[in-house]
Amino acid sequence: MRLLIHNDYESVCQWTADYIIQRMAAYAPSATKPFVLGLPTGSTPLGVYRRLIAAHKAGNVSFADVTTFNMDEYLGLKPDHPQSYRRFMNDNFFNSIDIKMERTHVPDGMTSNPEKECAEYEKAIKAAGGIELFMGGIGGNGHIAFNEPGSALNSRTRAMTLTTETRIANSRFFEGDPQKVPSRALTVGIGTVLDAREVLIIVSGRQKARALQAAVEGGLSHWCPLSCLQMHEKAIIVCDEEAAEELKYGTVRYFKDIESAR
């Protein structure tokens, strides 16, 4: 696991966007060999999306041969609902780049058969050749996508009941009312994320510090879903100084020394 500690959120986003662009360039995607990118929603990745859009408009990157799979979607929200994750991705990323919309995948929150929808989502990822790079964020309790604490580390795409903590955290998008946040969502599993050839998690803010500390310095545990990265041979966590506040001095020095030697 690599841990990169940057001064602030803006630096985290710039490094992440630059890294994604570099990885895509090295991969050299084509119509027959698309770059498959896993993507998150929420406030954390917005800075990355803004920078990727700017790079595209400057002619520095194309998404014409990119296929995307999003991590999750609320059950019961139509794609055009202001708080659906399909709407979020269209408004904050897809509509501003040259990606082919048919190559963008978000779970269907209006499905009448969640189990079938989740199975088909897993099949679609495999049919695309697997995810090359999965970018994600975490919740304050260490959840990845909607894999809440207690989720099996080998879990696959499925429907999940959201915890009260998660609904409260997400209520800022629903007029501050947790009761307006859907109680269930479709989410890729931890095992689905770990299948990606590379996983890049961005972490920002003091509210994520305890989860980051548990994932980096604690043992592997389904009570801290982020700790699953300990099992991945090519995992990167990019965080800011505030998110690293709970880490021991020796841990911070260790990872900074490693990065300075690269």
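Residues numbered from 1 in each chain as written. Predicted model: local features only at pLDDT ≥ 70, side-chain atom pairs only at ≥ 80, totals over all residues. Heavy atoms only, no water.

J.: Now, about the overall build of the protein chain: what can you tell me, with residues and values included?
T.: Summing up its helical and strand segments, the protein chain has eight helices and 10 strands in all. The C-alpha radius of gyration computed for the protein chain amounts to 17 Å, which stays within 12% of the reference 18 Å derived for 262 residues, consistent with globular compactness. Seen along its three principal axes, the alpha-carbon backbone of the protein chain occupies a region of about 50 × 45 × 35 Å. By sequence separation, contacts in the protein chain at least 24 residues apart represent 79% of the contacts at least 6 residues apart. Positive and negative side-chain charges of the protein chain, numbering 29 and 31 respectively, have mean locations separated by a distance of 2 Å. (Helix = DSSP H or I, 4+ residues; strand = E, 2+ residues; numbered from the N terminus. Rg over C-alpha atoms; globule rule 2.2 N^0.38 Å. Contact = heavy atoms within 4.5 Å. Lys, Arg positive; Asp, Glu negative; His and termini not counted. Charge placed at Lys NZ, Arg CZ, Asp CG, Glu CD.)

J.: Now, about the environment of Arg262: what can you tell me, with residues and values included?
T.: Along the chain, Arg262 falls in the segment after helix H8 (249-260). Each C-alpha atom, one on Arg262 and one on Leu46, is 28 Å from the other, the two residues being 216 residues apart in sequence.

J.: Report on the packing of aromatic side chains, specifying residues and quantitative values.
T.: For the coordinates displayed, the defined rule picks out 11 aromatic pairs. Aromatic pair Tyr74 and Tyr85: ring centres 4.8 Å apart, planes at 40°, arrangement tilted. A residue pair is termed long-range when its members are at least 10 positions apart, and Tyr74 in strand S4 (residues 72-74) and Tyr85 in helix H3 (residues 85-92) qualify at 11 residues. Pair check on accessibility: Tyr74 and Tyr85 agree, each one buried. (Phe/Tyr/Trp six-rings, centres within 6.5 Å; stacked < 30°, edge-to-face > 60°. Buried < 20%, exposed > 50% of the residue type's maximum accessible area, 1.4 Å probe, protein only.)

J.: So, helix H2 (residues 46-57): which residues are in play, and what are the values?
T.: Between the first and last C-alpha of H2 there are 17 Å, a value that for 12 residues agrees with the 16 Å anticipated at 1.5 Å per step. Among all positions in H2, only Gly47, Val48, Tyr49, Arg51, Leu52, Ile53, Ala55 and His56 are buried. Looking at the buried residues of H2, the elements they touch are helix H1 (9-27), strand S2 (35-39), H3, strand S6 (133-136) and strand S9 (199-203). (Expected span 1.5 Å × (residues − 1).)

J.: Could you give me a rundown of the sheet that holds strand S7 (residues 158-161), with the residues and numbers involved?
T.: Across a sheet, paired strands are connected by hydrogen bonds in the backbone, their directions being either parallel or antiparallel. The strand order S4-S8-S7 describes an open sheet built from three strands, whose pairing is antiparallel. At either margin of the open sheet sits one strand with a lone partner, and together these are S4 and S7. Here the strands of the sheet are splayed against their neighbours by 30° on average, with no regard to which way each runs. Pairing analysis gives four bridges linking S7 to strand S8 (residues 184-187), with the strands arranged antiparallel. Considered in S8, the bridge of Ala159 is made with Leu186. (Pairing = 2+ DSSP bridges. Axes fitted to C-alpha atoms, helices over the stretch in contact; angles between N-to-C directions.)

J.: Please provide a residue-by-residue account of the sheet that holds S2, values included.
T.: The strand order across the open sheet built from seven strands is S1-S10-S9-S6-S2-S3-S5, with neighbouring strands paired in parallel fashion. Either end of the sheet is taken by a strand with one partner, and the two such strands are strand S1 (2-6) and strand S5 (104-105). Looking at chain direction, S2 and strand S3 (residues 66-70) are connected through five bridges and run parallel. Along S3, the bridge assignment pairs Val36 with Thr67.

J.: How would you sum up the pattern of salt bridges? Please name residues and give values.
T.: Tallying each qualifying case throughout the model produces 15 salt bridges. Between Arg23 and Glu132 there is a salt bridge, and its shortest N-O distance comes to 3.2 Å. Separated by 109 residues along the polypeptide, Arg23 in helix H1 and Glu132 in the loop between helix H4 (114-127) and S6 bring together distant segments of the chain. Judged on exposure class, the residue Arg23 and its partner Glu132 are both buried. Ionic pairing is found between Glu175 and Lys180, a salt bridge with its closest N-O pair at 2.3 Å. Judged by relative accessible area, Glu175 falls into the exposed class, the value being 68%. (Salt bridge = Lys/Arg side-chain N within 4 Å of Asp/Glu carboxyl O.)

J.: Explain the side chain of Arg86 to me, and be specific about the residues and the numbers.
T.: Checked against the element boundaries, Arg86 lands in helix H3. Here Arg86 occupies a buried position and makes no salt bridge, while the nearest side chain of opposite charge, Glu73, is found at 6.5 Å. Polar side-chain contacts of Arg86 include one of 3.0 Å to the side chain of Thr104. When neighbours within four sequence positions are excluded, Arg86 is seen to be in contact with Glu73, Pro79, Phe94, Met101, Thr104, His105 and Val106. (Polar contact = N/O pair within 3.5 Å; in protein donor to acceptor, adjacent residues only side chain to side chain.)

J.: Break down the nonpolar core for me, with residues and values.
T.: One finds Leu212 and Leu226 to be the most contacted residues of the largest nonpolar core, which totals 37 residues. Elements with a minimum of two residues in this core: S1, H4, helix H6 (190-194), S9, helix H7 (209-217), strand S10 (235-240) and H8. Other than its neighbours up to four places away in sequence, Leu212 contacts Val203, Leu226, Ile237, Cys239, Ala243, Ala244 and Leu247. One finds Leu39, Leu52, Ile53 and Ile97 within the second-largest nonpolar core, a separate group that totals 33 residues. (Core = buried A, V, L, I, M, F, W, Y, C linked by side-chain atoms within 4.5 Å.)

J.: If you had to explain H1 to someone new, which residues and values would you point to?
T.: The α-helix advances 3.6 residues per turn, and as a result positions three or four apart in sequence lie on the same side. Taking 1.5 Å of rise per residue, the 19 residues of H1 would be expected to cover 27 Å, and the 27 Å separating its terminal C-alpha atoms lies within 8% of that figure. Taken as a whole, H1 has its buried residues at Tyr9, Val12, Cys13, Thr16, Ala17, Tyr19, Ile20, Ile21, Arg23, Met24 and Tyr27.

It is worth stressing that arrangement in space is one thing and function is another; only the former is reported here.
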